[in-house]
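Report on the structure
Next come the chains, spelled out residue by residue.
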Amino acid sequence: MKEKAKKLSFKSFPLQLLMLLVIMTVCMGCGKDAEPENIANASELDGQWAGENGDKLLFLPGEGTYVLEKTNGRIGKGTYDVGNGQIGFNGFIYDLIPQGESSIILYQNGHAAGDEENLDGAVFTKTGENDIWPYETDMLSGTWVNENGVRLTFDTEAMEYTFSSESGAGVGTIFDYNDGRGLFISPDGALILKSDGTLVIDTEEADFKDTVFSKE
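Because the structure is predicted, anything quoted here is derived from the model rather than measured.

Moving on to the confidence of the model for the protein chain. Across the protein chain, the average pLDDT comes to 84, with 83% of residues at 70 or higher. Here helix α1 (residues 2–28) stands out as the least confident element of the protein chain, with mean pLDDT 42; strand β9 (residues 142–146) is the most confident, with 98. Within the model, pLDDT remains below 50 along residues 1–13, and this stretch shows zero contacts once partners closer than five positions in the same chain are excluded. Under a pLDDT of 50 for its full length, residues 15–34 has, in the predicted model, three contacts with residues more than four places off or in other chains.

What follows is the structure in structure tokens.
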């Protein structure tokens, strides 16, 4: 009886091994985020797209660039990897995944910390419009004044600015990381250049908040 039991165990071993390998293969896929399979190509993306929340996205394949206009009017430029169907935004790479014939979803590679601005899961639909107004940094050059007499002078070659107001004066830095978020000034302020030639600063700084600057 013992010899017969040994033979049965030996014969069943390859089947048991096969079942174990199958289980291991299935389990290796558990707990992982779904990876995108279809990446949009340049011909599918060329042109302007509208987001569900009002954002606008313009792809410029010939320049390897995209332009993003947020609902508050802030405009930023970023890198568009035409070959891989990806863009870079705020330090992360996003896959551009087709959703039917005229929509895409942005899939973020990695996870943002805390409440960092991101585009993960954003859906955009092609519009055929062309009303995004891309900025150039040198458009800032010169002196700007608001209705309260606050003066801002930008030196875009040095990427610095000076300001003066009734409450004081100071200096700061201008920066654009080319990551889709646009132009900023330190210590805290997003620059919004309007198509009508005016400037708004999205900030909590009292001298700059809720006011419009015009160029002298």
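Relative to the helices and strands, Thr-211 is located in the loop between β15 (198–202) and β16 (212–215). In contact with Thr-211, other than residues within four places in its own chain, are Asn-146, Glu-147, Asn-148, Leu-199 and Val-200.

With that out of the way, let us pick up the sheet that holds strand β7 (residues 103–109). Ordered by their spatial adjacency, eight strands build a closed barrel running β1-β2-β3-β4-β5-β6-β7-β8, and the pairing between neighbours is antiparallel. On average, each strand axis in the sheet is tilted by 30° relative to the strand beside it, whichever way the strands run.

Considering all chains together, one arrives at eight aromatic pairs under this definition. Look at Phe-208 and Phe-213: their rings are 6.1 Å apart centre to centre, the planes differ by 65°, and that puts the pair in the edge-to-face class. Relative accessible area serves as the criterion here: at 0%, Phe-213 is assigned to the buried category. Through a chain of ring-to-ring contacts, three or more aromatic side chains come together here, namely Trp-49, Phe-59 and Tyr-80. One Lys or Arg, Lys-77, reaches over the ring of Tyr-135 and ends 5.3 Å from the middle of that ring.

Before going further, it helps to examine the pairing of β15. Side-chain positions along a regular strand alternate between the two faces of the sheet. Here strand β14 (residues 190–193) runs beside β15; their pairing, made up of four bridges, is antiparallel. Of the residues in β15, the one forming a bridge with Ala-190 is Asp-202. Connecting β14 to the next strand, β15, in antiparallel fashion are four residues, including Gly-197 with a positive phi near 90°. Bridge analysis of β15 against β16 gives three bridges, and the strand direction is antiparallel. From the neighbouring strand, Thr-198 faces β16, where its bridge partner is Ser-214.

In this section: unusual backbone geometry. With the exception of glycine, most residues fall at negative phi, and the peptide bonds are largely trans. With an omega dihedral of 5°, the bond running from Ser-186 to Pro-187 counts as a cis peptide bond. By secondary structure assignment, the location of Pro-187 is in the loop between β13 (184–185) and β14. Of note, the phi angle at Asn-178 is positive, near 55°, even though the residue is not glycine. Residue placement: Asn-178 occurs in the loop between β12 (168–175) and β13. Exposure remark for Asn-178: the relative accessible area of 40% places this residue in the partly exposed category. Of note, Asp-210 is a non-glycine position whose phi angle comes to about 55°, a positive value. Here Asp-210 is to be found in the loop between β15 and β16.

Conventions and cut-offs
Residues numbered from 1 in each chain as written. Predicted model: local features only at pLDDT ≥ 70, side-chain atom pairs only at ≥ 80, totals over all residues. Heavy atoms only, no water. pLDDT = per-residue confidence, 0-100. Helix = DSSP H or I, 4+ residues; strand = E, 2+ residues; numbered from the N terminus. Contact = heavy atoms within 4.5 Å. Pairing = 2+ DSSP bridges. Axes fitted to C-alpha atoms, helices over the stretch in contact; angles between N-to-C directions. Phe/Tyr/Trp six-rings, centres within 6.5 Å; stacked < 30°, edge-to-face > 60°. Buried < 20%, exposed > 50% of the residue type's maximum accessible area, 1.4 Å probe, protein only. Lys NZ or Arg CZ within 6 Å of the ring centre and 35° of its normal.

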